[in-house]
Amino acid sequence: MSLEIHDISKAFGGFRALDGVRLTIETGSLFGIIGPNGAGKSTLFSVVSGFARADEGQIRLDGQSLDSLSPPARARAGMVRTFQVPREFRHLTVRENLMAAAPKQTGESLLGLFFRPGRVREEEGAIAERVNETIRFLKLSAVADQPSGKLSGGQKKLLELGRALMVEPRLILLDEPFAGVNPVLIGEIMERITELNTRGIGFVIIEHDLEALTRLVPQLAVMDRGKVLAQGAPQAVLDDALVREAYLGGVS
Ligand SMILES: Nc1ncnc2c1ncn2[C@@H]1O[C@H](COP(=O)(O)OP(=O)(O)O)[C@@H](O)[C@H]1O
Ligand SMILES: [Mg+2]
């Protein structure tokens, strides 16, 4: 079971942000992606999650082709992403943000609302229960009914993770979950990720704090200028000559 990224290229104007990216990531694993600013990491997430269209290449999740699916359809297929800059609705509370992130079924269509009001209420009850669980799990109870615009940077990252969890995915793509987060909350977020992983949810994590990432993932890839330079266990990758030259500037 894996996410297969096959020869993906993506250009903006004449600039190739992704240049033949090829990666296979086990669906239930913890996998890291590092690389300097502008390497193409966020663009790769955009293409994989369907927010941007690849010029070339294919994406498969557990054997299913995702190429023609919209972002919500890819989420329903089991994979969601978060954004480098959290995209919560600032004026909604934490609880409302989580409610809004849950995929609706019956209540989404007017016909469903009209003919099956009981079913809609049942669904809403189940969603409210999941929202409560998520708030407890992420330790956001104290701020659950505050406008999310008032949260700290780290709490916003936790909310972003919570919004992803509401979709009940098998695989979550996290774009810099530790950026701008204080060290205590970084530890907290890492613990939540590890706990979710033991429950079977896989993560692909973009991070430029190398030390934080190597503590969390057993496998990572290094990107530079739209390409994957190396992939493997953190130490092996960091020892790779190409990586040292491109990413670490040859420091020993
Ligand atoms: N929508 C866009 N339009 C034009 N250029 C873009 C766009 N998105 C990203 N880029 C460019 O693509 C390159 C890779 O960006 P990005 O994927 O955000 O890198 P990273 O996340 O590794 O820092 C950068 O040079 C960036 O300026
Ligand atoms: Mg980025």
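Per chain, residue numbering runs from 1 following the sequence as it is written. The lettering of chains begins at A and the numbering of ligands begins at 1, in the order of writing. Totals for whole chains, interfaces and linings use all residues, but because this is a predicted model, local features are given only for residues with pLDDT of at least 70 and pairs of side-chain atoms are given and counted only at 80 or more.

## Points about the overall build of the chain
Using the following cut-off: Only DSSP runs of H or I with at least four residues qualify as helices, and only runs of E with at least two residues qualify as strands; both kinds are numbered from the N terminus onward. Computation of the radius of gyration draws on C-alpha atoms, with the globule rule given as 2.2 Å multiplied by the number of residues to the power 0.38. Exposure in this text rests on C-beta crowding, where 20 or more other C-beta atoms within 10 Å of a residue's own make it buried, 12 or fewer make it exposed, and counts in between make it partly exposed. The C-beta atoms are placed from the backbone. We call two residues in contact if the C-beta atoms placed from their backbones are at most 7 Å apart.
Tallying secondary structure elements over the chain gives 10 helices and 10 strands in all. For the chain, whose C-alpha radius of gyration is 19 Å, the value lies close to the compact-globule estimate of 18 Å for 252 residues. Principal-axis analysis of the C-alpha atoms gives the chain an extent of 60 × 40 × 35 Å. Residue burial in the chain is summarised as follows: out of 252 residues, 38% are buried. By sequence separation, contacts in the chain at least 24 residues apart represent 65% of the contacts at least 6 residues apart.

## As for the nonpolar core
In globular proteins that are soluble, nonpolar side chains generally tend to be buried together. For clarity, the threshold we go by: By convention the nonpolar core is taken to be a set of buried residues drawn from Ala, Val, Leu, Ile, Met, Phe, Trp, Tyr and Cys and joined through C-beta atoms within 7 Å. What fixes the domain bounds is an automatic or database domain assignment.
Ranked by size, the top nonpolar core spans 61 residues in total, and within it Ile172, Ile205 and Leu220 carry the most contacts. Counting contributing residues, this core receives three or more from each of domain 1 (2-88 + 152-246) and domain 2 (89-150). Beyond its immediate sequence surroundings of up to four residues, isoleucine 172 is in contact with Val80, Ala164, Ile201 and Phe203.

## Digging into the site of ligand 1
Our working definition: Only the C-beta atom, placed from the backbone, is used; a residue is near a molecule or strand if that atom lies within 6 Å of it. Each residue gets one of three labels, nonpolar for Ala, Val, Leu, Ile, Met, Phe, Trp, Tyr, Cys and Pro, charged for Asp, Glu, Lys and Arg, and polar for the others, Gly among them.
Phe12, Ala17, Gly35, Asn37, Gly38, Ala39, Gly40, Lys41, Ser42 and Thr43 make up every residue found near ligand 1. It is helix H1 (residues 41-49) that provides the largest number of residues to the shell around ligand 1, a total of 3 residues. In terms of residue class, the shell around ligand 1 is made up of 3 nonpolar, 6 polar and 1 charged.

## Section: the sheet that holds strand S9 (residues 219-224)
Note the following rule: Two strands are said to pair when DSSP picks up at least two bridges between them. The angle between two axes is taken between their N-to-C directions and runs from 0 to 180 degrees, where each axis is a line fitted to C-alpha atoms and a helix contributes only its stretch in contact.
Ordered by their spatial adjacency, 6 strands build an open sheet running S6-S7-S8-S3-S9-S10, and the pairing between neighbours is mixed. Strands with a single pairing partner mark the edges of an open sheet, and in this sheet they are strand S6 (79-81) and strand S10 (227-232). Going across the sheet, the axis of each strand differs from the next one's by a mean of 15°, ignoring polarity. Contacts from H1 reach strand S3 (30-34), S6, strand S7 (171-175), strand S8 (202-206) and S9 within the one sheet, and its direction differs from that of S7 by about 150°.

## With respect to the pairing of strand S2 (residues 15-26)
Looking at chain direction, strand S1 (residues 2-12) and S2 are connected through 9 bridges and run antiparallel. Following the sheet pairing, serine 2 is matched in S2 by glutamate 26.

## Observations regarding the domain arrangement of the chain
The domain architecture assigned to the chain consists of domain 1 (2-88 + 152-246) and domain 2 (89-150). Of note, the centres of domain 1 and domain 2, computed from C-alpha atoms alone, are 26 Å apart. At the interface, 13 residues of domain 1 touch 14 residues of domain 2. Sorting elements by how many residues they give to the side of domain 1 that touches domain 2 places helix H6 (residues 153-165) first, with 8 residues.

## Side note on the pairing of S3
The element S3 is largely enclosed, with a buried count of 5 among its 5 residues. Along S3, one buried face is formed by Leu30, Gly32 and Ile34 and the opposite face, lined by Phe31 and Ile33, is buried too. In the sheet, S3 pairs with S8 via 4 bridges, with the strands oriented parallel. Paired with leucine 30 across the two strands is phenylalanine 203, which belongs to S8.

## Side note on H1
Within H1, 9 of the 9 residues are buried, leaving the element largely enclosed by the surrounding structure. A positive phi of about 90° marks glycine 50, the residue just after H1.

## Digging into the sheet that holds strand S5 (residues 64-65)
The strands making up a sheet associate through hydrogen bonds between their backbones, and the pairing can be parallel or antiparallel. Across the sheet, 4 strands lie side by side as S2-S1-S4-S5; this open sheet has antiparallel pairing. The open sheet is flanked by S2 and S5, the only strands paired with a single partner. The strands touched by H1 within the sheet are S1, S2 and strand S4 (56-61), with S2 carrying the most contacts at an inclination of about 65°.

## Considerations on unusual backbone geometry
Across residues other than glycine, the phi torsion is negative in most instances, and most of the peptide bonds are trans. The backbone of aspartate 7 sits at a positive phi, close to 50°, despite the residue not being glycine. Here aspartate 7 lies in strand S1. Classification of aspartate 7 by C-beta neighbours within 10 Å gives partly exposed; the count is 13. For arginine 225, which is not glycine, the phi torsion reads 45° and is therefore positive. Relative to the helices and strands, arginine 225 is located in the loop between S9 and S10.

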